[in-house]
Amino acid sequence: MAFKVGLLGLGTVGTGTAQILLDPAGRHPLLKELEIHRVGVRSPDKPRAVQFPEGVLTADLEAIVSDREIEIVVELIGGLEPARSLILQAIAHGKHVVTANKAVIARHGAEIFTAANEKGVYVMLEASVGGGIPVIQPLKQSLGANRIQSVTGIVNGTTNYILTRMQREGADFGEVLADAQTLGYAEADPTADVDGLDAADKIAILASLAFGGRIDRDRVYAEGIRKVSAADISYAEKLGFTIKLLAIAKRESQNPEHSEDRLQLRVHPTLVPKTHPLASIDGVYNAIFIEGDPIGQVMFYGPGAGAGPTASAVVADLLNVAAVLKTESEPIPHPLIGCSHQHYCSIASMEEVVTRFYVRLLTEDQPGVIGQLGTCFGNHGVSLESVVQTGMRDRLAEIVLVTHDVREGNFNSALADIQTMSAISTIPSLLRVL
């Protein structure tokens, strides 16, 4: 009994997926029962790294999602459209869907999963976050007994590569980005990566699974790494930190003012203590650090992109669907594979987030400035953990300070007052601390 698969897209990941399916030897025996029936591509006549029988390749993607013989559609074309429409058409025709498309799931997941639940089919998305790192199914299954407290991840390889090189070479962002683009580690248009949008898509997906509710992607705060300087990385190093772009989903401690749990959902460059497991994740690698009760702390680490790792996750989803279809006459719903929650999670505003801050200021070199800063912060309930005058820069005194935990709204109010002080020239850097 073979399960017929329709593949949409034959780029890097699509080719990697096809290569696994066409070479099942030494892998899970169920792979032999997955058959590539049709492959949708833009140019069927283009030379390919994978060879298919005559008639398998087609430019008619809609014909694949409506093909009665196909049971599972694999969407690997990326982007929002036509991916979203093709996924919904596949569902409407009773097909199970496997996708690596974090953008379409993060932004249109509610619509897609509602349609899938009504039609009684699965939408699988292991490859949408973390490349080959198995984290989606563990959140659904292996960690299902836990009350998850937080999910913190390095989930974008491009930015991690850039920050790693900035740290090792003492180089500035623009210089490393240009080199990363030349080497193929960064896109020609790096906006989604370096502005934190890609990571925001991914943390929205992880949070939905970890906390059992839908996430409004527009409520996820996203701040990128463009403003991180070589000076900040150097000072962080001296203070015992490394700077990483973190995606954070965190359950707030119970607040009597709120009847339900609320989540913090944010992406931003962060000073990570060198003792934290995420501090050692370098280059293009990804890692997802999860805290839950009763398991405590667990971290998933591995390659976050590429043909092999991402295709590994795609095929794992195919195997999960095939296993259910093979063993159950009425496969739907399977509570440990499907995604059936309907309500939206309550998300705290950034003003309410409590965290530590790192601030670098340039001031006039005159007596009493540090005292004035301390007084101003104190007036807004901001406690300072450390204050260091690091030296002179452009004839101005450079001051670096780190706060204790503080409500972000209070910190912003203090900063607004500080910016009105005559001795303050500029505030070049403002970063959060894990």
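Calculation rules
Residues numbered from 1 in each chain as written. Predicted model: local features only at pLDDT ≥ 70, side-chain atom pairs only at ≥ 80, totals over all residues. Heavy atoms only, no water. Patch = residues over 30% accessible without salt bridge, like charges linked within 9 Å, V, L, I, M, F, W, Y side chains within 5 Å. Areas by Shrake-Rupley, 256 points an atom, 1.4 Å probe, with all protein chains shown as cover. Salt bridge = Lys/Arg side-chain N within 4 Å of Asp/Glu carboxyl O. Helix = DSSP H or I, 4+ residues; strand = E, 2+ residues; numbered from the N terminus. Pairing = 2+ DSSP bridges. Buried < 20%, exposed > 50% of the residue type's maximum accessible area, 1.4 Å probe, protein only. Polar contact = N/O pair within 3.5 Å; in protein donor to acceptor, adjacent residues only side chain to side chain. Core = buried A, V, L, I, M, F, W, Y, C linked by side-chain atoms within 4.5 Å. Contact = heavy atoms within 4.5 Å. Axes fitted to C-alpha atoms, helices over the stretch in contact; angles between N-to-C directions. Phe/Tyr/Trp six-rings, centres within 6.5 Å; stacked < 30°, edge-to-face > 60°. Parallel < 35°, antiparallel > 145°, perpendicular 65-115°, else oblique. Left-handed = near helix turned anticlockwise from the far one by under 90°. Nonpolar A, V, L, I, M, F, W, Y, C, P; charged D, E, K, R; others polar. Arc of directions from axis to C-beta.

## Some remarks on a nonpolar patch on the surface
Among the surface-exposed residues, Leu183, Tyr185, Val284, Tyr285, Met299 and Tyr301 lie close enough to one another that they form a single nonpolar patch of about 550 Å² accessible area. With respect to the secondary-structure elements, Val284 resides in the loop between strand 10 (262–273) and strand 11 (285–293).

## Observations regarding the pairing of strand 18 (residues 424–433)
Both faces of the sheet carry side chains from a regular strand, because those side chains alternate between them. The pairing of strand 10 with strand 18 spans two bridges and is classified as parallel. Directly across from Thr270, in strand 18, lies its bridge partner Arg432. Of the pairings in the sheet, the one linking strand 14 (residues 354–363) to strand 18 comprises seven bridges and is antiparallel in character. Looking at the pairing, Tyr358 lines up with Leu431 of strand 18.

## Focus: unusual backbone geometry
Glycine aside, negative phi is the norm for most residues, and most peptide bonds take the trans geometry. The residue after Glu81, namely Pro82, is reached through a cis peptide bond having omega 10°. In this fold, Pro82 is placed in the loop between strand 4 (72–75) and helix 3 (83–92). Going from Asp293 to Pro294, the amide bond is cis rather than trans, its omega being 20°. Relative to the helices and strands, Pro294 is located in the loop between strand 11 and strand 12 (296–303).

## Observations concerning the side chain of Asp201
When you line up the elements, Asp201 lands in helix 9 (residues 197–211). The exposure class of Asp201 is buried, given its relative accessible area of 4%. For Asp201, the side chain forms a polar contact with the side chain of Arg107, separated by 2.6 Å.

## Quick look at the environment of Val359
By the secondary structure assignment, Val359 is in strand 14. For the pair formed by Val359 and Gly213, sequence separation is 146 residues and the distance between their alpha carbons is 35 Å.

## Remarks on the nonpolar core
Side chains that are nonpolar tend, in soluble globular proteins, to be buried together. In terms of nonpolar packing, the biggest core is built from 78 residues, with Val151, Ile162, Ile203, Leu206, Ile215 and Ile290 touching the most fellow members. Here this core takes 10 residues from helix 9, the largest share from any one element. Other than its neighbours up to four places away in sequence, Ile203 contacts Val151, Val220, Ala247, Ile248, Ala249, Leu265 and Val267. Among the nonpolar cores identified, the runner-up in size contains 34 residues, and Leu10, Leu21, Val39 and Val314 belong to it.

## Considering the sheet that holds strand 4
The parallel open sheet is built from six strands, whose spatial order is 3-2-1-4-5-6. The open sheet has two edge strands with one neighbour each: strand 3 (57–58) and strand 6 (123–124). Direction of pairing for strand 1 (residues 3–8) relative to strand 4: parallel, over a ladder of four bridges. Paired with Gly6 across the strands is Val73, a residue of strand 4. The strands touched by helix 11 (residues 307–327) are strand 1, strand 2 (34–40), strand 4, strand 5 (96–99) and strand 6; relative to strand 5, the strand with the most contacts, the crossing angle is about 160°.

## Remarks on the environment of Glu62
Relative to the elements of secondary structure, Glu62 occurs in helix 2 (residues 61–65). Look at Glu62 and you get partly exposed, because its relative accessible area is 48%. Residues Glu62 and Leu8, spaced 54 residues apart in sequence, show a C-alpha to C-alpha distance of 9.7 Å.

## Quick look at the pattern of salt bridges
Under the criterion given, the structure shown has 23 salt bridges. When the shortest N-O distance is used, the salt bridge between Asp67 and Arg38 registers 4.0 Å. One end of the pair, Asp67, is in the loop between helix 2 and strand 4; the other, Arg38, is in strand 2, and 29 residues separate them in sequence. With respect to class, Asp67 is no different from Arg38; both count as buried.

## A few points about the packing of aromatic side chains
Applying the stated rule across the entire model yields four aromatic pairs. When the ring of Tyr285 is compared with that of Tyr301, the centres are 5.3 Å apart and the planes differ by 20°; the resulting orientation is stacked. Taken together, the residues Tyr285 in strand 11 and Tyr301 in strand 12 connect sequence positions 16 residues apart. Overall, the relative accessible area of 36% leaves Tyr285 in the partly exposed class.

## Let's talk about the packing of helix 1 (residues 12–21) against helix 11
Contact geometry of helix 1 with helix 11 gives a least axis separation of 8 Å together with a crossing angle of 60°. As summarised for this structure, helix 1 and helix 11 are arranged oblique, according to the angle between their axes. Taken as a pair, helix 1 and helix 11 cross one another with a handedness that is right-handed. Of helix 11, the residues touching helix 1 (which contributes Thr12, Val13, Gly16, Thr17, Ile20 and Leu21) are Ala307, Thr310, Ala311, Ser312, Val314, Val315 and Leu318.

## Points about the packing of helix 6 (residues 157–169) against helix 7 (residues 173–183)
For the pair helix 6 and helix 7, interaxial distance at closest approach is 9 Å and the crossing angle is 125°. The angle between the axes of helix 6 and helix 7 places the two elements in the oblique class. For the crossing formed where helix 6 meets helix 7, the hand is right-handed. Across the interface between the two elements, Tyr161, Ile162, Arg165 and Met166 from helix 6 touch Phe173, Val176, Leu177, Asp179, Ala180 and Leu183 from helix 7. By residue class, the composition of the contact of helix 6 with helix 7 is eight nonpolar, no polar and two charged.

## Brief notes about helix 7
The α-helix winds at 3.6 residues per turn, so residues separated by three or four positions along the chain end up facing the same way. Taken as a whole, helix 7 has its buried residues at Phe173, Val176, Leu177 and Ala180. End-on, the buried residues of helix 7 take up no more than an arc of 100°, which puts them together on one face. Every exposed residue of helix 7 that faces more than 90 degrees away from the buried side is listed here: Glu175 and Thr182. Turning to helix 7, the residues buried within the fold contact helix 6 and helix 8 (191–194). Of the residues flanking the end of helix 7, it is Gly184, one or two places downstream, whose phi is positive at about 90°.

These figures capture arrangement, not role.
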